[in-house]
Amino acid sequence: MHTNVAENENYKSFPARTALKVGVSVAAIMAASAPAAAQSEDRVIEEVIVTAQKRAQSVRDVPIAISAFDAAFTKRTNLDDVKDLIKFAPGVAGDSKDSFIDLINIRGILTNDFGVGGDPSIGFFKNGLYQGRNGAVVSSLFDMERAEVLRGPQGFLFGRNAIGGAISVFTAKPKIGVDEAYAEVGFGERGILEFEGMMNLALTEKIAVRLAGYHSEENGYVDNLARPNDDRLVAHDKSAFRGSIAYEGDSFNGWLLVEYEDRKQSGSIYRAIEDDEIFPLLEDNVPGVQLRGNDRDVDSDNGLGNFDNGQILTVNAELNFDLGFATLTSLTGFKDHDYDYAEDFDGLPIVINDYAQDQDGYYFEQELRLVGETEGPLSWYAGVSYYEEDIDALFSQRIGEETICGAYYYYTCADLFAYYGYPEFTASGNELTESNRVRGDYKGWGAYLDLNYALTDRLELGLGLRYTKDVKDFEINILPVDSELGPFYIFGVTTDGFVQGSQSWDDITPRFVARYSASEEWTIYASVTKGYKAGGFGSFAVVPGPDGIDDDLVVLPGATPNQFDPETVWSYEIGAKADLLNSRLRVDLASYYYEYTDLQLNFFDNGSRVENIGSVEAFGFEATVQAIVSENIDLYLAGSYNDNEISGAEQIAEDSDGNRLGDIPKWSLSGVASYHVPMGDSGELTASVDFRTQTGSFGGIENILVARNDGWTDVAVRIGYEDEAGWSVVAYVENLFDAVYFDATNEGGDIQPHHAFGVSRPRTFGARLSYRFGN
């Protein structure tokens, strides 16, 4: 079944609005969801409409490596939040079970900083608006329209320093003239309980409202052997609500959305890795070092707790004005969040590095965009944008006093003090806790212009330019410690109040594109794109000034925050897209090479610092195949290969030249195979298998073998029944073979052991019932 923009009943010829009205299908695998379609011998892959280039276009006409997923796909594969989209997008990795996005990487580019003074390398957007940083960015997928995953630098199209790529989701908008609703409930092992509901009401011929709600809860599956009376870990309890109203007139349309989400879940779960250097040092000199249980157990003190709790309020508005020669679009967004987080970073029952973060902030943005509607070979769009962000975070990190004395000096603290003739050592009662508060006031603006000119019916050339400026006012206060050991481990110093810094950065990022329609079936494109991410400030270090520090380890006036500069990438890409066999086979191919310089790398040196160190060269390819194999079978496959090499990073990792970046699998493959057959007079039986497999990855740029994360494969099966009367039921088994694997590993150092984190969810049985009312 084809979906044609011009045939859509709500089409109003507004480029920015059109795609919100078009049925978008990701994957051909879901092309025939209705029983009647399954009986047709003429089934075709649905046309995929996206708005990545600010206008409604078939994905085949967009010269970008992009994966588009519709609401039906996210439902049938049981995707829970925005990070789950990673599973089915080639060239993307780094899903984790917390509210952080620093592990997510696209084509090997990721965020190597967990503070709040820099920016994510992967931009997350919802309804065209930026979603922010760790703690605020992750949201649940409910009542969705579609999602788009764009690979390669996307700063030109999206702004906000999206140097690696962008993940853009769109919620379902109110439908004019339609009264409908649905309700869905799910349940399963470990107390799984899920609910999702929606109601769309037409208030007048031109106004409609849409209300949607969501709830999900699940008990944990990881036992903490160091705290046997605690609840099992990797649990969640989250709820969300969204209300929106839309108006559609002859020359104006718009919508307003308010969304609130309350997330309560476990923080990251770490399990230490035994090695031949760090682990024996700890065992010999620190009482209580042990590692019990199997890979689905942890042995952690969790001294500061283990939680990941966020409350996020979002307000969005979009206004579209038909000016005749162009459509003027105004996008306005506001986001407020409170976030609390705690974990045991070392993964051992002794206190080496407990970590906590208490953060709140708001984000505002405004964008104005003109999309040309002129006839002829030239198409264009232009826009300006502005943002401001206020962030306030308190970080705490804790190490055991006896851990320091034993691991560094091979004495108990009492014997160490006596040996050096100090007064008798008195334990603090709260170990050595080093805390710092960070406040940031950030602003930025940009302007962009995109021109595309059709030289012939087959050949089109494009040029895009974006100017970006970011201004950051930043301050850090390293608080006094309540321990006789002083600020020994994390910072080495404290500050007398806030140490302040202010800096701005700007850049012009071009994009050059050529697209050639080789035939009715094949389109070929090539692009050269510059990506840029602004500089910033490290959240966990200061730089003493000329006067240094005093005898109490307090930095004297003249100190500055840890400042780092922008990083850049030049990306070169060639791709091909084809619709074959009368739209029963769709192929999407992309190959790329990039040079990535002045990496913002995080390392430990009197605080966890971020500096511009090294460069990376990488190349790779990605392929997506969608096929209608037979009347009853559909197939979707997505695979990728990435080869990268770092150089110039010896300052933080000796002999690292030629090594791979951490957390980047060389190969990945995912897919869905679905089967559907009519049942009875009005129903359809469906069955599917979906999977993701990827090769191993290193835990850092030292490429330490013992800290390497093994490759893994995760498989799910689902069987269901859909009836034309509006109801459906599906049962599933996820992680069918009960594979045990981890999201990633980290290379340790000094007395911090290597560790793995994010152990896989065990085999899980569940079911979901739904009913749809109205149109």
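Only a predicted model underlies this, so the values are computations on that prediction, with no experimental measurement involved.

Trainee: Help me understand the overall build of the chain in this model?
Mentor: Scanning the chain for helices and strands turns up seven helices and 41 strands. Over its C-alpha atoms the chain spans a radius of gyration of 27 Å, differing by no more than 12% from the 28 Å that the globule rule assigns to 775 residues. A burial count over the chain gives 60% of its 775 residues as buried. Taking the intrachain contacts of the chain between residues at least 6 apart in sequence as the baseline, contacts between residues at least 24 apart amount to 71%. Accessible surface, the chain as shown: approximately 29,100 Å² in total, 54% of it carbon and sulfur. Of the side-chain charges in the chain, 59 are positive and 125 negative, and the distance between the mean point of each set is 8 Å.

Trainee: Could you clarify how one ought to interpret a nonpolar patch on the surface in this entry?
Mentor: A surface patch of nonpolar side chains, amounting to about 770 Å² of accessible area, comprises Val-185, Phe-187, Leu-193, Phe-195, Trp-727, Val-729, Leu-769, Tyr-771 and Phe-773. For the nonpolar patch, the secondary-structure elements that each account for two or more residues are β11 (180-188), β12 (192-202), β38 (727-734) and β41 (764-774). A per-element tally of the nonpolar patch places β41 first, with three residues. You can see Leu-769 is positioned in strand β41. Residue Leu-769 is classed as partly exposed on the basis of its relative accessible area, which comes to 39%.

Trainee: What is the right way to look at the confidence of the model for the chain in this model?
Mentor: Detailed conclusions should not be drawn from predicted coordinates in areas where pLDDT is low. Model confidence for the chain is summarised by a mean pLDDT of 91, while 95% of its residues fall at 70 or above. Note that pLDDT drops below 50 for residues 1-40; the model gives that stretch 122 contacts with residues more than four away or on any other chain.

Trainee: Would you take a moment to explain the sheet that holds strand β39 (residues 742-746) for this structure?
Mentor: Whenever strands of a sheet pair, they do so through backbone hydrogen bonds, lying parallel or antiparallel. One open sheet accounts for three strands, arranged β17-β40-β39; its pairing is antiparallel. With partners counted over all chains shown, the strands left at the sheet margins are β17 (270-272) and β39, one partner each. With direction set aside, neighbouring strand axes in the sheet form an average angle of 25°.

Trainee: What's the story with unusual backbone geometry in this structure? I'm lost.
Mentor: Phi is mostly negative for residues that are not glycine, and the peptide bonds are mostly trans. The phi torsion at Glu-431 lies on the positive side, around 60°, for a residue other than glycine. Here Glu-431 lies in the loop between α7 (413-419) and β23 (432-454). The phi dihedral of Leu-553 falls on the positive side, at around 65°, and the residue is not glycine. Here Leu-553 lies in the loop between β27 (536-543) and β28 (560-564).

Trainee: Is there a simple way to think about the side chain of Lys-335 in this case?
Mentor: You can see Lys-335 is positioned in strand β20 (residues 326-344). Summary of buried charges: Lys-335 has no salt-bridge partner, and the nearest side chain of opposite charge, Glu-259, is 6.8 Å away. A distance of 2.9 Å separates the side chain of Lys-335 from the backbone oxygen of Ala-136, its partner in a polar contact. Setting aside its immediate chain neighbours within four residues, Lys-335 contacts Gln-131, Ala-136, Val-137, Ile-312, Leu-313, Thr-314, Gly-361, Tyr-362 and Tyr-363.

Trainee: How should I be thinking about the sheet that holds strand β10 (residues 165-171) in this particular structure?
Mentor: Pairing is mixed in the open sheet, where five strands are placed in the order β3-β9-β10-β7-β8. The sheet is open, and its two borders are formed by β3 (65-70) and β8 (129-130), each paired with just one other strand. Of the pairings in the sheet, the one linking β3 to strand β9 (residues 144-151) comprises six bridges and is antiparallel in character. Counterpart to Phe-69 in the pairing with β9 is Ala-147.

The rules behind these values
- Residues numbered from 1 in each chain as written.
- Predicted model: local features only at pLDDT ≥ 70, side-chain atom pairs only at ≥ 80, totals over all residues.
- Heavy atoms only, no water.
- Helix = DSSP H or I, 4+ residues; strand = E, 2+ residues; numbered from the N terminus.
- Rg over C-alpha atoms; globule rule 2.2 N^0.38 Å.
- Buried < 20%, exposed > 50% of the residue type's maximum accessible area, 1.4 Å probe, protein only.
- Contact = heavy atoms within 4.5 Å.
- Areas by Shrake-Rupley, 256 points an atom, 1.4 Å probe, with all protein chains shown as cover.
- Lys, Arg positive; Asp, Glu negative; His and termini not counted.
- Charge placed at Lys NZ, Arg CZ, Asp CG, Glu CD.
- Patch = residues over 30% accessible without salt bridge, like charges linked within 9 Å, V, L, I, M, F, W, Y side chains within 5 Å.
- Salt bridge = Lys/Arg side-chain N within 4 Å of Asp/Glu carboxyl O.
- pLDDT = per-residue confidence, 0-100.
- Pairing = 2+ DSSP bridges.
- Axes fitted to C-alpha atoms, helices over the stretch in contact; angles between N-to-C directions.
- Polar contact = N/O pair within 3.5 Å; in protein donor to acceptor, adjacent residues only side chain to side chain.

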